Amino acid sequence: QVQLVESGGGLVQAGGSLRLSCAASGSIFRINAMDWYRQAPGKQRELVAGITNGDNTNYADSAKGRFTISRDNASNKVYLQMNSLKPEDTGVYYCNIIYRGMSFWGAGTLVTVSS
């Protein structure tokens, strides 16, 4: 059984920074893609950033230049460094992995950016 636990959310003023972390636990060997999604109030969940096992990254247009995704394969963790935060970045951020053909989600961590 794979479990994902996110942390690092909170309340921050516009222009500030936060670093989100996600730890995957369980019987895991070599996770391929690790992704961060965001669900803003009243909106659908959307992909913010993703990183493959080979450290190839991709970002939503809204995240490019401000967010950086990284991972630590030894500890099965993925991070999202978020800089220059905007009120529209507010939402619940979820970690997602695809492992052995199954999709796993964490419970999410809330990020609130005040103007």
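Figured I'd write up the structure that's included with this text. All of these numbers come straight from a predicted model, not from anything done at the bench.

Digging into the state of the cysteines
For the coordinates displayed, the defined rule picks out 1 disulfide. In this model Cys22 forms its disulfide with Cys95; the gap between the sulfur atoms is 2.2 Å. Across the S-S bond of Cys22 and Cys95 the torsion is about -80°, and the bridge reads as left-handed. Residue Cys22 is found in strand 3 (residues 18–25), and its partner Cys95 is found in strand 9 (residues 91–99); the two are separated by 73 residues along the sequence. For the pair shown, Cys22 and Cys95 are each scored as buried.

Focus on the pattern of salt bridges
Throughout the structure, instances matching the rule amount to 4 salt bridges. Shared partners join several salt bridges into a network, and the residues in it are Arg38, Glu46, Arg66 and Asp89.

Observations concerning the side chain of Arg66
Among the secondary structure elements, Arg66 is positioned in the loop between strand 6 (57–59) and strand 7 (67–72). For Arg66, a relative accessible area of 10% gives the class buried. A polar atom in the side chain of Arg66 sits 2.7 Å from the backbone oxygen of Ser62. Within the structure, the side chain of Arg66 is placed 2.9 Å from the backbone oxygen of Ser84, a separation counted as a polar contact. Residues within four places of Arg66 in sequence aside, it is in contact with Gln81, Met82, Asn83, Ser84, Leu85, Lys86 and Asp89.

Some remarks on the sheet that holds strand 3
The strand order across the open sheet built from 4 strands is 1-3-8-7, with neighbouring strands paired in antiparallel fashion. Every interior strand has two partners, whereas the edge strands, strand 1 (3–7) and strand 7, have only one. The average undirected angle you get between the axes of adjacent strands in this sheet is 15°. For strand 1 and strand 3, the ladder comprises 5 bridges, and the chain directions are antiparallel. Opposite Leu4, over in strand 3, you have Ala24 as the bridge partner.

Remarks on the packing of aromatic side chains
For the structure on display, the rule yields 2 aromatic pairs. Ring plane angle 85° and centroid distance 6.4 Å describe the contact between Tyr94 and Trp105, whose orientation is recorded as edge-to-face. In this pair, Tyr94 sits in strand 9 while Trp105 sits in strand 10 (residues 102–105), placing the two residues 11 residues apart along the sequence. Trp105 gets classed as partly exposed once you look at its relative accessible area, which sits at 37%. The structure contains a cluster of three or more aromatic residues connected by ring pairs, namely Tyr37, Tyr94 and Trp105.

Describing unusual backbone geometry
Unusually for a residue other than glycine, Arg30 sits at a positive phi of about 55°. Residue position: Arg30 is located in the loop between strand 3 and strand 4 (34–39). Given the relative accessible area of 62%, Arg30 is considered exposed. One non-glycine residue, Arg100, adopts positive backbone phi at about 55°. Note on placement: Arg100 falls in the loop between strand 9 and strand 10. By relative accessible area, which is 69% here, Arg100 ends up exposed.

Rules behind the numbers
- Residues numbered from 1 in each chain as written.
- Predicted model: local features only at pLDDT ≥ 70, side-chain atom pairs only at ≥ 80, totals over all residues.
- Heavy atoms only, no water.
- Disulfide = S-S within 2.5 Å.
- Helix = DSSP H or I, 4+ residues; strand = E, 2+ residues; numbered from the N terminus.
- Buried < 20%, exposed > 50% of the residue type's maximum accessible area, 1.4 Å probe, protein only.
- Salt bridge = Lys/Arg side-chain N within 4 Å of Asp/Glu carboxyl O.
- Polar contact = N/O pair within 3.5 Å; in protein donor to acceptor, adjacent residues only side chain to side chain.
- Contact = heavy atoms within 4.5 Å.
- Pairing = 2+ DSSP bridges.
- Axes fitted to C-alpha atoms, helices over the stretch in contact; angles between N-to-C directions.
- Phe/Tyr/Trp six-rings, centres within 6.5 Å; stacked < 30°, edge-to-face > 60°.

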